[in-house]
Amino acid sequence: MRGFWYVVNNIESFISRALLLTFVCLLFTQIVAREVFGFSISWIEELSVYMFVWFVFFGASHAAKMGAHNRVTFQFRMLPAKVVQYIEAFADLFWISFNVYFIYLAIDFIFNRMNRFQSSQTMGFHLSYVYIALPIAFTLMTIRILQVNYRRIVVGEDVTDPDKIDLDEIRDEMQRGHDDPNGRVG
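So, how was this worked out
Residues numbered from 1 in each chain as written. Predicted model: local features only at pLDDT ≥ 70, side-chain atom pairs only at ≥ 80, totals over all residues. Heavy atoms only, no water. Axes fitted to C-alpha atoms, helices over the stretch in contact; angles between N-to-C directions. Helix = DSSP H or I, 4+ residues; strand = E, 2+ residues; numbered from the N terminus. Parallel < 35°, antiparallel > 145°, perpendicular 65-115°, else oblique. Contact = heavy atoms within 4.5 Å. Nonpolar A, V, L, I, M, F, W, Y, C, P; charged D, E, K, R; others polar. Core = buried A, V, L, I, M, F, W, Y, C linked by side-chain atoms within 4.5 Å. Buried < 20%, exposed > 50% of the residue type's maximum accessible area, 1.4 Å probe, protein only. Salt bridge = Lys/Arg side-chain N within 4 Å of Asp/Glu carboxyl O. Expected span 1.5 Å × (residues − 1). pLDDT = per-residue confidence, 0-100. Patch = residues over 30% accessible without salt bridge, like charges linked within 9 Å, V, L, I, M, F, W, Y side chains within 5 Å. Areas by Shrake-Rupley, 256 points an atom, 1.4 Å probe, with all protein chains shown as cover.

Regarding the packing of helix H3 (residues 42–66) against helix H6 (residues 133–155)
Working step 1: Closest axis-to-axis distance for the H3/H6 pair is 7 Å, and the angle between their directions is 10°. Between H3 and H6, the angle falls in the class roughly parallel. Contacts between H3 and H6 pair Trp54, Phe57, Phe58, Ala60, Ser61, Ala64 and Lys65 from the former with Ala133, Leu134, Ile136, Ala137, Phe138, Leu140, Met141, Arg144, Ile145, Val148 and Arg151 from the latter.
Working step 2: Here the contact of H3 with H6 is built from residues that sort into 14 nonpolar, one polar and three charged.

Some thoughts on the nonpolar core
Working step 1: Core analysis: the largest hydrophobic core is formed by five residues, namely Leu19, Phe23, Leu26, Ile44 and Met51.
Working step 2: Elements with a contribution of two residues or more to this core: helix H2 (11–35) and H3.
Working step 3: If one sorts the elements of this core by residue count, H2 sits on top with three residues.

Quick look at the pattern of salt bridges
Working step 1: If you walk through the whole model with that rule in mind, you get five salt bridges.
Working step 2: Across the pair Glu45 and Arg34 runs a salt bridge, and its minimum N-O distance is 2.0 Å. Residue Glu45 is found in helix H3, and its partner Arg34 is found in helix H2; the two are separated by 11 residues along the sequence.
Working step 3: According to the relative accessible area criterion, Glu45 is partly exposed, its value standing at 34%.
Working step 4: Residue classification places Arg34 among the partly exposed positions, given a relative accessible area of 42%.
Working step 5: Between Asp108 and Arg113 there is a salt bridge, with its nearest N and O atoms 2.5 Å apart.

Examining helix H4 (residues 81–113)
Working step 1: The end-to-end C-alpha distance of H4, which contains 33 residues, comes to 46 Å, matching closely the 48 Å that a straight helix rising 1.5 Å per residue would cover.
Working step 2: Looking only at H4, the buried set comprises Val84, Gln85, Glu88, Ala89, Asp92, Ile96, Asn99, Ile103, Ala106, Asp108 and Ile110.
Working step 3: Considering only its buried residues, H4 is in contact with helix H5 (128–131) and H6.

Quick look at the packing of helix H1 (residues 2–9) against H2
Working step 1: Where H1 meets H2, the closest approach of the two axes is 4 Å, and the angle between their N-to-C directions is 65°. Between H1 and H2, the residues in contact are Tyr6, Val7, Val8 and Asn9 and Ile11, Glu12 and Phe14, respectively.
Working step 2: A class-by-class count of the residues in the contact of H1 with H2 yields five nonpolar, one polar and one charged.

Considering the confidence of the model for the protein
Working step 1: When pLDDT is averaged along the protein, the result is 88; 91% of the residues meet or exceed 70.
Working step 2: Of all the helices and strands in the protein, helix H7 (residues 167–179) carries the lowest mean pLDDT, 71, while H2 carries the highest, 95.

Here's the deal with a nonpolar patch on the surface
Working step 1: Taken together, the side chains of Met1, Phe4, Trp5 and Val8 present a nonpolar region at the surface, about 480 Å² in accessible area.
Working step 2: Mapped onto the fold, Val8 is located in helix H1.
Working step 3: On the accessibility criterion, Val8 (33% relative accessible area) is partly exposed.

Right under this line is the structure:
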């Protein structure tokens with residue numbers, strides 16, 4: 001059961017990695033086919049585009065899980081961390097509202113408004129298989145936003161952007177390195 005929850009908790013990461021690996025390999029195959037053998041495989045380009053679209057949306061969901069979405073936070077520098085936490089959670093309510101409305105629109109489009117005969121040009125499958133990524137990824141993104149806010153507010157966990165650079169910490173490490181007579185850092 002533990003392995004199941006590990007997969008569920010990291011599903012966007014696994015899907016994104018698999019999609020990236022697959023469409024890069026497909027594009028490499030297409031390049032080799034064109035440059036070395038002088039022909040192209042028409043369905044590879046189309047499938048790669050569809051896989052890239054899926055990759056982008058599942059990657060966005062993974063970023064939401066990690067708290068790595070871009071935010072304007074300059075205005076929060078003078079406020080206490082707890083206040084910032086609640087302001088960001090309030091802002092996330094707007095994000096969640098947008099996602100829920102978008103999920104509704106995507107499902108309505110796919111199942112009610114989409115042309116029943118609209119299919120992929122070279123591969124021939126119905127395009128609803130491509131568009132279904134939208135409600136799935138936005139649903140996962142909404143769940144991840146709720147999870148991050150739960151971890152921040154209820155559990156008290158520090159969920160920060162993994163790419164956030166703390167310049168003060170880097171300066172301190174550099175200064176310690178300059179203070180060390182052997183020139184070693186930290």
